[in-house]
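This is what each chain is made of:
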Amino acid sequence: MRIAIASGKGGTGKTLVAVNLAAIAGRSVTLVDCDVEEPNDHIFLKGDVAASETVSMRVPVIVESRCTGCRACVEFCSYNALISFGGTPLFFPDLCHGCGGCRLVCRARAISETARPLGEIRRIDAAQCTLLEGRLAVGVSSPVPVIQAAKAAAGGEFVICDAPPGTSCPLVATLRGADYVLLVTEPTPFGLSDLRLTVEVLRRMGMAFGVVINRAVRSSSLIDDYCRQEAIDILAEIPDDRRIAETYAAGRLIVEALPGYRPLFRSILEACRERVTA
Amino acid sequence: MKIVFTLKGDGRDGLVDRRFGRAETFLIYNSETGDRQLVANSGVDAAMGAGLKAAEAIVALGAVALVTGECGVKALHALHRAGVKVYSTDSTSFDDALEDLRQGNLREAQPA
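Computed from a prediction, not measured in an experiment: that's the story for all the values here.

Novice: Is there a simple way to explain the packing of helix α1 (residues 50–60) of chain B against helix α2 (residues 73–81) of chain B in this structure?
Specialist: How two helices pack is summed up by the angle between their axes together with the distance between the axes. Residue and element names in this part refer to chain B. Put simply, α1 and α2 touch, their axes get as near as 8 Å, and they point 25° apart. The orientation of α1 relative to α2 falls into the category roughly parallel. The two elements α1 and α2 meet at a crossing, and its hand is right-handed. On the side of α1, the interface is formed by Gly51, Leu52, Ala54 and Ala55, while α2 contributes Lys74, Ala75, Ala78 and Leu79. Looking at the contact of α1 with α2 residue by residue, the classes come out as six nonpolar, one polar and one charged.

See the structure below:
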């Protein structure tokens, strides 16, 4: 079973839900922190880094002495990573997607490749479960390859992916292959606005999903109304409880510090399992 | 000397577009003859690297200098390599920007 936890808006409680679900699911689960620009699951699931590997991308190197300046590679690159003022093209690694097409179209065989480091994947053996953490290198603009590598490193039957905020490529890269998506939101106009955008993405991708309302308050039916209208399941509500905020801010797990909430997180896990096996 | 200015829309209103790669029109000003020529920026809708595409385009047009609002780091680096001077302007109209350039009031942007 592969579950992804997403939200659209930042700060709604993706990490809160992800780490507590992983902790309660136990040793059989691998949690993948796909928020590679700001991974923070490790704050809650503490442990030594058991292994780490570099994620890199093959990028072109142009041998000036062989280049005829024909522009074939420049014309080929859809991302404009290669430009030419007449002589040997200039290469801009930040725009390169590593497809290798420039090398293939070069008749002069002037292009070879080198590995450009993009980030790293760390495996942390926490007491509760295994955590795989992607970390994007400073100055690298696209997190997607690191997210893909982190997901690929996750073996086992049960994987939970903690998605980055937003609704663009990094989210899509995280969601791909998930059996079920949990959308964590909050009963605020911002929460609702970004929830709508994320639902649009999920529907386009044809994914099964349900909503968890975090910081739920009785006085607001904002999210309930929207979900009813759109026929979206609400799996659980996490109450707006100051003790949860304090525990989270102290870097501790809710399911350990506030055992009264264990049944709530267990019920979320069970709800996911039912929907995946149904 | 050909100097390129970035303009909004089709350029006929003479309004400066502060963006380089996403400006719709390049005005090529010939400093010897005073001639002005408007050229559409064909890379305006590029998904990525619009600034680099624009740098390539203005070099092909024979530009030796560029006057725009802000030029991104990649385009600035590329233009520097091509020997094109880049000037930043706060003016909203082409006439004001040209006057500032003539008076030597514009700051030349340097790659980091």
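Additional details are given in the paragraphs that follow.
Novice: Would you mind going over the sheet that holds strand β5 (residues 85–88) of chain B with me for this structure?
Specialist: Backbone hydrogen bonds hold the strands of a sheet together, and the pairing may be parallel or antiparallel. Residues and elements named next belong to chain B. What the six strands build is an open sheet, ordered β3-β2-β1-β4-β5-β6; its pairing is mixed. Both outer strands of the open sheet, β3 (36–40) and β6 (107–108), are each paired with one neighbouring strand and no more. Bridge count for strand β1 (residues 2–7) against strand β4 (residues 63–68) is four bridges, and the pairing is parallel. Its bridge partner being in β4, Val4 is matched across the sheet by Leu66.

Novice: In this structure, what is going on with helix α3 (residues 94–102) of chain B? I would like to understand it.
Specialist: Along an α-helix, residues three or four apart share an orientation, since each turn contains 3.6 residues. Residue and element names in this part refer to chain B. For α3, every residue scored as buried is listed here: Phe94, Ala97 and Leu98. When α3 is viewed along its axis, its buried side chains cluster within an angular range of 100° and face the same direction. Exposed and facing more than 90 degrees away from the buried side of α3 are Asp95 and Glu99. The inward-facing, buried residues of α3 contact β1, β2 (25–30) and β4. Once α3 ends, the next one or two residues include Gly104, with phi positive near 75°.

Novice: What is the right way to look at the sheet that holds strand β7 (residues 130–136) of chain A in this model?
Specialist: All names here are of chain A. With respect to topology, nine strands assemble into an open sheet ordered β3-β6-β7-β2-β8-β1-β9-β10-β11, the strand pairing being mixed. A strand with exactly one partner marks an edge of an open sheet, and here the two such strands are β3 (47–62) and β11 (234–239). Neighbouring strand axes in the sheet, compared pairwise and without regard to direction, differ in orientation by 20° on average. Both strand β1 (residues 2–6) and strand β9 (residues 180–185) contribute to a ladder of four bridges, which runs parallel. Across the sheet, the residue bridging to Ile5 is Leu182, located in β9. Relative to the sheet, helix α10 (residues 262–277) contacts β1, β9, β10 (209–216) and β11, its axis offset from that of β11 by approximately 165°.

Novice: Looking at this structure, I do not really get the interface of chain B and chain A. What am I missing?
Specialist: By a frequent convention, interface size equals the accessible area lost on bringing the separate parts together. Between chain B and chain A, the contact holds 12 residues from the first and nine residues from the second. Only α1 and α2 of chain B provide two or more residues apiece to the side of chain B that touches chain A. Examining the composition of the side of chain B that touches chain A, we find that five residues originate from one element, α1 of chain B, more than from any other. Counted by class, the side of chain B that touches chain A contains seven nonpolar, one polar and four charged residues.

Novice: How do you make sense of the confidence of the model for chain B when you look at a structure like this?
Specialist: Interpreting fine coordinate detail is not advised for predicted regions of low pLDDT. Predicted confidence across chain B gives a mean pLDDT of 96, with 100% of residues reaching 70 or more. Scored as a complex, the prediction yields pTM 0.83 and ipTM 0.85.

Novice: So what exactly am I meant to see when it comes to the domain arrangement of chain A here?
Specialist: Structurally, chain A comprises domain 1 (2–46 + 127–277) and domain 2 (58–116). Computed from C-alpha coordinates alone, the two centres of domain 1 of chain A and domain 2 of chain A are separated by 40 Å.

Novice: Would you mind going over the pairing of β9 of chain A with me for this structure?
Specialist: Every regular strand shows the same layout, with side chains that alternate between the two sheet faces. All names here are of chain A. Of all six residues in β9, six are buried, a share of seventy percent or more. Both faces of β9 are covered, namely the face carrying Tyr180, Leu182 and Val184 and the face carrying Val181, Leu183 and Thr185. Relative to β10, β9 is paired through five bridges, and the arrangement is parallel. Bridging across to β10, Val181 finds its partner in Phe209.

Rules of the game
- Residues numbered from 1 in each chain as written.
- Chains lettered and ligands numbered in written order.
- Predicted model: local features only at pLDDT ≥ 70, side-chain atom pairs only at ≥ 80, totals over all residues.
- Axes fitted to C-alpha atoms, helices over the stretch in contact; angles between N-to-C directions.
- Helix = DSSP H or I, 4+ residues; strand = E, 2+ residues; numbered from the N terminus.
- Parallel < 35°, antiparallel > 145°, perpendicular 65-115°, else oblique.
- Left-handed = near helix turned anticlockwise from the far one by under 90°.
- Contact = placed C-beta atoms within 7 Å.
- Nonpolar A, V, L, I, M, F, W, Y, C, P; charged D, E, K, R; others polar.
- Pairing = 2+ DSSP bridges.
- Buried ≥ 20, exposed ≤ 12 C-beta atoms within 10 Å, placed from the backbone.
- Arc of directions from axis to C-beta.
- pLDDT = per-residue confidence, 0-100.
- Domains from an automatic or database assignment.

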